[in-house]
Structures are given as C-alpha cells and as structure tokens.
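Take a look at the letters that make up each chain.
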Amino acid sequence: MPAFLVSAEPDNPPRQGCIVSPDHLRLHLIKILMNKNSFLPAMTGAVLLLLVALPVAFVVLQAVFPHLDSGRLSAPFGAFGQLFADASLRNMIVTTLKVGLGVALCSAVLGIPLGALRGLFALPGAALWDLLFLIPFMMPPYIAALSWMLALQTNGYVEQLLPLRLNHFLFSLPGIVAVMTLNVFPVVYFAVSRSMAASGSRLADVARIHGAGPWRAFIRVTLPLALPSVASSLLLAFTLSIEEYGVPGALGARSGVNVLTTGIEQRLADWPVDMPGAAVLSLVLVAIALCAYSVQKAVLAGRNVETLTGKPADVVAKKLGRATWPVLALFTLVAFITVGMPLLSMVITAFSGTLSGGISLDNLTLRHYVALFAIDGDAIGALGTSLSLALATALIAGAVGLLASWLVVVRKVRGAVVIDALSLLPAALPGIVVGVGLILAWNRGFWPVTPYNTWGILLLAYCCLLLPYPVRYVSAALKQIGGNLDAAARVHGASAAQALWRILLPLVLPSLLAAMMMVFAVASRELVTSLLLAPAGVQTVSVFVWRQFEQGSVGDGMAMASIAVLVSITIMLIAVKVGGRSNSRF
C-alpha cells in the first residue's frame, strides 16, 4: 500500500506516527471552515487581510526592495538613499508640514471661538448653524478648490462685483491653507461645541465667584475641560490637510506649491513611472501622520481634566444678551464665506453660457445640464459608475464592519486585537497611499485573476478607505448594548451567528445604516484613488469633473459637481438624522 494511503480514519484525528493522507487534510480543512465558531472570524480576517494588509505590505516591500517589479530583492533600501538625496524631497516635506500646521492653526482660530459660543450660550437658530457648518465638510475639497478658483481668479466673480484682486493670494501657500481651512474647520467647531455643551459653564461661574475674570475663567477652567476634544480635532485637521490631494493639485500647480501627495501622483503619472519613489514618499506621509498622533498623545499625557462632583450637574446654556446680534453677525459672515461663496460660484458657473460672459441674465443657460444627460455623453456613465460603486462599497464595508465590530466587542475572539487594528488602520492611511498599495499589490504577473485595470480595483480602494466608518459606528452601538443579550441568547440555545442575526443586528441597524449612508456619500465623490486607479474607459463623477476642468469644459464640470454635492449633502443629512435617532434609543 502506498505510504500516503496509510492514515487514520477521516472522521477521527490521526494517531501519533501516522502519515496523514490528502483526503484527511481536505476533510479537516472543511471541518474548520464549517465550524460555526471559527468560520466568521476566519472569513473576516481574510477579508481584512485582502482589503488592508495586502496593499500596505506591498507599499513597504516596494519601498524596501526597489527592484521588486523585476522579481529581485537586491539593493534593499536603495530607494531611500536616492530619494533623500533629492533636494526636492525636503521642500515637499517642509511644505506639507506648513500646510498641515497652518490648517490646524487656522481651524483652531476659527473653530474654537465659534464652538465655544455654540456650546456655552443659547445661540438663536443653533441647529441651523450646525447644519450650515456641516456643508463645507461634506463638500469634496477639490470641488471647493475649483469653486474658489472661479470666484477669486483674475476676472473672477469677486473681481466682477468688487474692486478686489485676490488671484495671487489664491494661488499661493497661504491661499491653499485658507481654502483647506474653510473645508476642515467644522471638525474643530463640532468637537469644541459638543464638549463645552456637555461640561457647561458651572465651574467657570464658580471661578468667577472666587475673583477670576471671564477670560481667565474660560482659559483656566472651561478650555482645559475641552482639551482632549480640541487636541483630537486639531490632529484630525492636520492629518486631513496633509493627506489631501485635490486642493494642492488644483491650486498648487499654478503656484509651484508641491506637497507629498502631489509628489506621489507625479511619480505615478509622469514617465518613467517611479514606483519605488512613490512607495517611499507614501511611507514618509504615513510616518508624518503617525508622528502627529504620537505628539498629540504626549501633549495630553497626564493633562486630562475630570470633574468629580458625586452627582450629575445640570447644564444650562447662558443667554447672550447684548452680544446676540454681534454673535449672529459673526456666524452669518463665516457661513457666507465658507458655504455661500463656493456654492454660489459653483451654481453660477453651472448656469453660465460662457465664463467670459460674466454674471448677467443674458449669460444664463441650461445647456450644461442638458449636455450632462445627452445620450452620447460620458456624464450618465460616470454618474452610474459612481453610484454603483458607492452602493457596493456601502454594502461590503457595512457587512465587514459589522462582523469586525461584533467579533471584537461582543465575541472577543482570539486575534481580536489584530482584527480591530486592521479594521481601523485605514483611518491613518492617506487615500493616495492606499491607491499606490493597490497598484503595487495587484499589478503583478503571478496573480491568476486580478482586479487591476477593472472597476473592481476601485471597489477595493473605496472599501479599504471607508471601512472605519461602520466599524466605529457599530462598535459604539454594541458597547452601549452590552453583552447580556448575546449571553442570554446563547444560554437559550442560539448559536453565535443566530444571536448576531436575530438580536444584535436589529438593535444596531440604525447606526449601521447611518454609517453605510456616510460611506455611500463619501465613496460617490472620492477623487485621488479614482484618478490613480480608474481603468481606461471608466469614469467616476470625481474623475469626470476633474477632466472637464483639464479640458476647459468648466460649465459641464460644475454642473456635474452641483449634482454630486446635492446627492452627498442629502445622503449625509439623512445619515445624521438616522444616527441621531439610533443614539436616542440607547
């Protein structure tokens, strides 16, 4: 009898010293896969490895081994030496840091006072101001940059109405920082307003009773209570700005401002393609983001302030009194600049026959919208592609996020730390790094089947980037529910999958739906990975808008941009409403 046939029975574990047959290995593998306790963790882990770990690993491998494309592991770290010897690298790093720090500082200057006024005082129309300040954050940054370009460039809309020439300011480093700040500052505003609304001004009133002035009480008492939220929001503003490609790509090309994201894109777009250089720059960008996170942790170490009163405190917003109208004027001015001007610029362009015709009734037309919906046009295909990819991304990311959160929070399976880390890692990855990683991972000859150069590569990119949304939402909901319901279901004979499907899923469904709608809205207008990965003949909304500006069809681009913004705002508002309802249930 051949040796490979000498084995234990397939239904029993092999005895020591027996030679295991291929049939037994196959059956053993099937048993593992069919095991209800291991199938879902194994499947979730495999998906996370595919979506997150694989592109990150190839970025690291390509950076370390510059000749990986040719199958050689020679000259390790050679690309690092070549790149660091390039004088332009230092300039890109310094400029990136200036942009990130500038946006964080300006967001603090704008967001902290507005957030404090919103959180501590009874602001008239508070919900309306929250809604208005949510719009800039929901508007794609590249669309905001293109709108500001049309408004402030030479002979732009502002110059047509007012004797102001801001072209040189817009196409400069301060102009780029200003445009980014107007998009990013809401993260600081909402963090500060919610934190200060929760803590209130009661302790500051106590400080004032003991002789402190209003400013001293605010700086020494109220602001330290909100310090963790402020630091987290400023870190987010910094990372969002250094990872942004659309604004530097639109405004930096004409002003000579080159940051790491545009440097990575140039190495992939210009011939000869420099894959090792793009990989090294990607690691530098990730390192800067991680350093910013470390600095934030160090600054906050031992500085968290807690109130120990022994009982809940009543939080009552103070009246503004005589400051009501000045505060309303301030909020109106900020809302007009951050929301009104870019939206007006977008809409005016979409309804203008020609840019040279200026702002006049004779120049109004609907031909740009008519051109979008022409049968032989590319706009319908781009819109359909974006909506289809966004829907698929929302479904996949929602399912994976639900399973990952359940395994980590409720089941606490072996390897939960790895699952948690992989599911949240994309939050620290710039979109352009994910795009580079997917190119490096899937543009290989050894794969029997590859999504590269198909719409599938876009789906992988979107799912990787947006996975943290459902993970965070569902994890928070599961933590509020606790583990008693799952334990009770298991005691009464339900399997883990049945407990998830029949009990936990209905309870977290509102939070999951809210996260999926946010994923849909963001995926439908994502730019940088779409530009890097979209195959020939496939356009998304963001690629269509970008290409229209490159080709000079500005009206058609802004018409499509207005539709994209309207869809994003509508879906995001629904998501916020659904999320608010879900939070009120627990």
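Every value quoted in this text rests on a predicted model; they were computed, and no experiment measured them.

Visitor: Would you take a moment to explain the overall build of the chain for this structure?
Guide: Along the chain, the regular secondary structure elements total 27 helices and zero strands. Across the 586 residues that make up the chain, the buried fraction comes to 50%. Considering only intrachain contacts with a sequence separation of at least 6, the fraction spanning at least 24 residues in the chain is 75%.

Visitor: How do you make sense of the packing of helix H22 (residues 468–481) against helix H24 (residues 496–523) when you look at a structure like this?
Guide: The description of two packed helices rests on the angle between their axes and on the distance between the axes. Running from amino to carboxyl end, H22 crosses H24 at an angle of 160°, the nearest separation of the two axes being 8 Å. In terms of axis orientation, H22 runs roughly antiparallel to H24. Judged by the sense of rotation from one axis to the other, the crossing of H22 with H24 is right-handed. Here Tyr-469, Pro-470, Tyr-473, Val-474, Ala-477, Leu-478 and Ile-481 of H22 come into contact with H24, specifically with Leu-504, Leu-507, Val-508, Ser-511, Leu-512, Ala-514, Ala-515, Met-518, Val-519 and Val-522. The class makeup of the residues in the contact of H22 with H24 is 16 nonpolar, one polar and no charged.

Visitor: Just to check I follow, could you spell out the confidence of the model for the chain for this structure?
Guide: Low pLDDT marks regions whose predicted coordinates should not be analysed in detail. Per-residue pLDDT for the chain has a mean of 82; in total, 85% of the residues score no lower than 70. Segment residues 1–18 is flagged for pLDDT under 50; beyond a separation of four residues in sequence, or across chains, it makes 21 contacts in the model.

Visitor: Would you take a moment to explain empty space enclosed by the protein for this structure?
Guide: If a probe the size of a water molecule is rolled over the atoms, the empty space left behind becomes visible. For the structure shown, the criterion picks out five cavities of 30 Å³ or more. In this structure, the largest cavity encloses a volume near 50 Å³. Lining the largest cavity are Leu-383, Leu-387, Ser-524, Arg-525, Val-541, Ala-564, Val-567 and Ser-568. Within the residue set of the lining of the largest cavity, elements represented by two or more residues are helix H18 (379–411) and helix H27 (554–585). If one sorts the elements of the lining of the largest cavity by residue count, H27 sits on top with three residues. Residue composition of the lining of the largest cavity, by class: five nonpolar, two polar and one charged.

Visitor: Looking at this structure, I do not really get the packing of aromatic side chains. What am I missing?
Guide: Two numbers describe a pair of aromatic rings. These are the distance of the centres and the angle of the planes. On inspection of all chains with the given rule, the structure shows twelve aromatic pairs. With a centroid separation of 6.1 Å and an interplanar angle of 45°, the aromatic rings of Phe-80 and Phe-84 are classed as tilted. Separated by four residues within a single helix, Phe-80 and Phe-84 lie in helix H3 (residues 78–84), roughly one turn from each other. A network of ring pairs unites the aromatic residues Trp-129, Phe-133, Phe-185, Tyr-189, Phe-190 and Phe-331 as a single cluster. In this structure, Arg-254 packs its charged tip against the face of Phe-171, placed 3.9 Å from the ring centre.

Visitor: Is there a simple way to explain the side chain of Thr-44 in this structure?
Guide: Counting through the fold element by element, Thr-44 comes out in helix H2 (residues 36–64). According to the relative accessible area criterion, Thr-44 is buried, its value standing at 2%. Among all residues touching Thr-44, those that are not within four sequence positions of it are Leu-403, Ala-404 and Leu-407.

What counts and how
Within any chain, residue numbers begin from 1 and follow the written order of that chain's sequence. Given that the model is predicted, a residue must reach a pLDDT of at least 70 before its local features are reported, and side-chain atom pairs must reach 80 or more before they are shown or counted; all residues, however, enter totals for whole chains, interfaces and linings. Excluding hydrogens and water, the side-chain values take into account all heavy atoms of the structure. Each helix is a run of H or I in the DSSP string that is no shorter than four residues. Each strand is a run of E no shorter than two, and both are numbered from the N terminus. Exposure classes here rest on a 1.4 Å probe applied to the protein chains alone. A residue is buried below 20% of its type maximum, exposed above 50%, and partly exposed in between. Contacts are assigned to residue pairs with any non-hydrogen atoms lying within 4.5 Å of each other. Throughout, an axis means a line fitted to C-alpha atoms (over the contacting stretch in the case of helices), and angles, computed between N-to-C directions, take values from 0 to 180 degrees. When an angle is under 35 degrees it counts as roughly parallel; over 145 it counts as roughly antiparallel; between 65 and 115 it counts as roughly perpendicular; any other value is oblique. Left-handed describes a crossing in which the near helix is turned anticlockwise from the far one by less than a right angle; the clockwise case is right-handed. Nonpolar residues are Ala, Val, Leu, Ile, Met, Phe, Trp, Tyr, Cys and Pro. Charged residues are Asp, Glu, Lys and Arg, and all others, Gly as well, are polar. The predictor's confidence in any single residue is recorded as pLDDT, a number from 0 to 100. Computed over the protein atoms alone on a 1 Å grid, cavities are sets of points where a 1.4 Å probe fits but cannot get out and pockets are open sets with protein on both sides within 12 Å along at least five of seven lines; a residue lines them when it has an atom within 4 Å of a point. Grid points are joined across faces, edges and corners, and a volume is the space filled by probe spheres set on the points. Working definition: a ring pair exists when centres of Phe, Tyr or Trp rings (six-membered ring for Trp) sit within 6.5 Å. Plane angles under 30 degrees give stacked, over 60 give edge-to-face, the rest tilted. In this scheme, Lys NZ or Arg CZ marks a charge over a ring once it lies within 6 Å of the ring centre and within 35 degrees of the ring normal.

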